[in-house]
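# Survey of secondary and tertiary structure
So the chains spell out like this:
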Amino acid sequence: MLPDRLTGRCYCGATQLSASGPLSVAYCHCSDCRRWTGAPVTAWVGVPEVTLTPAPEPVSVSEGVSRTSCPRCGSPLAASFSYLPGTTWLPMGLLDQAADLAPTLHCYAGEALPWLHISDDLPREQGSGHEVL
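Now for a look at the structure at hand.

Rules and cut-offs
- Residues numbered from 1 in each chain as written.
- Predicted model: local features only at pLDDT ≥ 70, side-chain atom pairs only at ≥ 80, totals over all residues.
- Heavy atoms only, no water.
- Core = buried A, V, L, I, M, F, W, Y, C linked by side-chain atoms within 4.5 Å.
- Buried < 20%, exposed > 50% of the residue type's maximum accessible area, 1.4 Å probe, protein only.
- Helix = DSSP H or I, 4+ residues; strand = E, 2+ residues; numbered from the N terminus.
- Contact = heavy atoms within 4.5 Å.
- Pairing = 2+ DSSP bridges.

Grouped together as the largest cluster of nonpolar side chains are 20 residues, with contacts concentrated most on Leu6, Val45, Leu90, Leu95 and Leu101. Going through the elements one at a time, β2 (16-20), β3 (24-28), β4 (42-47) and β7 (76-81) are the ones with two or more residues in this core. The element best represented in this core is β4, accounting for 3 residues. Not counting chain neighbours up to four residues away, the residues in contact with Leu95 comprise Leu6, Thr7, Gly8, Leu17, Val45, Leu90 and Leu101. Counting residues in hydrophobic clusters, the runner-up holds 10 residues, among them Trp44, Val65, Ala79 and Trp89.

Right, let's talk about the pairing of β2 for a bit. In the case of a regular strand, side chains alternate between the two sheet surfaces. As judged from the 5 bridges shared by strand β1 (residues 5-9) and β2, these two strands associate in the antiparallel manner. Of the residues in β2, the one forming a bridge with Thr7 is Ser18. Following β1, the chain reverses through 6 residues before pairing antiparallel with β2; Gly13 in that reversal takes a positive phi of roughly 85°. In this sheet, strand β5 (residues 50-53) lies alongside β2 in antiparallel orientation, the contact comprising 4 bridges. Its bridge partner being in β5, Ala19 is matched across the sheet by Val50.

Let's shift gears to the pairing of β4. Along β4, 6 of the 6 residues are buried, which leaves the element largely enclosed by surrounding structure. On β4, burial covers both faces: Thr42, Trp44 and Gly46 on one face and Ala43, Val45 and Val47 on the other are all buried. As paired strands, β3 and β4 are joined by 5 bridges and run antiparallel to one another. What sits directly across from Cys28, in β4, is Thr42. With 4 bridges connecting them, β4 and strand β8 (residues 88-91) associate as antiparallel partners. Among the inter-strand pairings, Val47 is bridged to a residue of β8, identified as Thr88.

Below you can see the structure in the form of structure tokens.
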């Protein structure tokens, strides 16, 4: 059973988060997410609303993508994508409930690093997967 409320924090603890949901849980293999998180793949949790305390200003480097990081430690906190309206995406590693949130989809599977092998039977979308999220 999925939790009704999600909580978490950045690496240093200066920014706390709280969210309702989740709506979706997915892996993303795109180079943009890899560069932002520093990880070979990111597991994301899509939520309808998120509260970040304090509320850092988002940054947009790629058109239609807005990302928020902790101003103190730089931890990735949240991302919004224009092609996924009404959903904020939280990196799984920040969440206190991460053990209860299994991904159901791989997005941008064609951009996966060739040496990374995640053995599961989840669908692998070549794009954002917004049609099935």
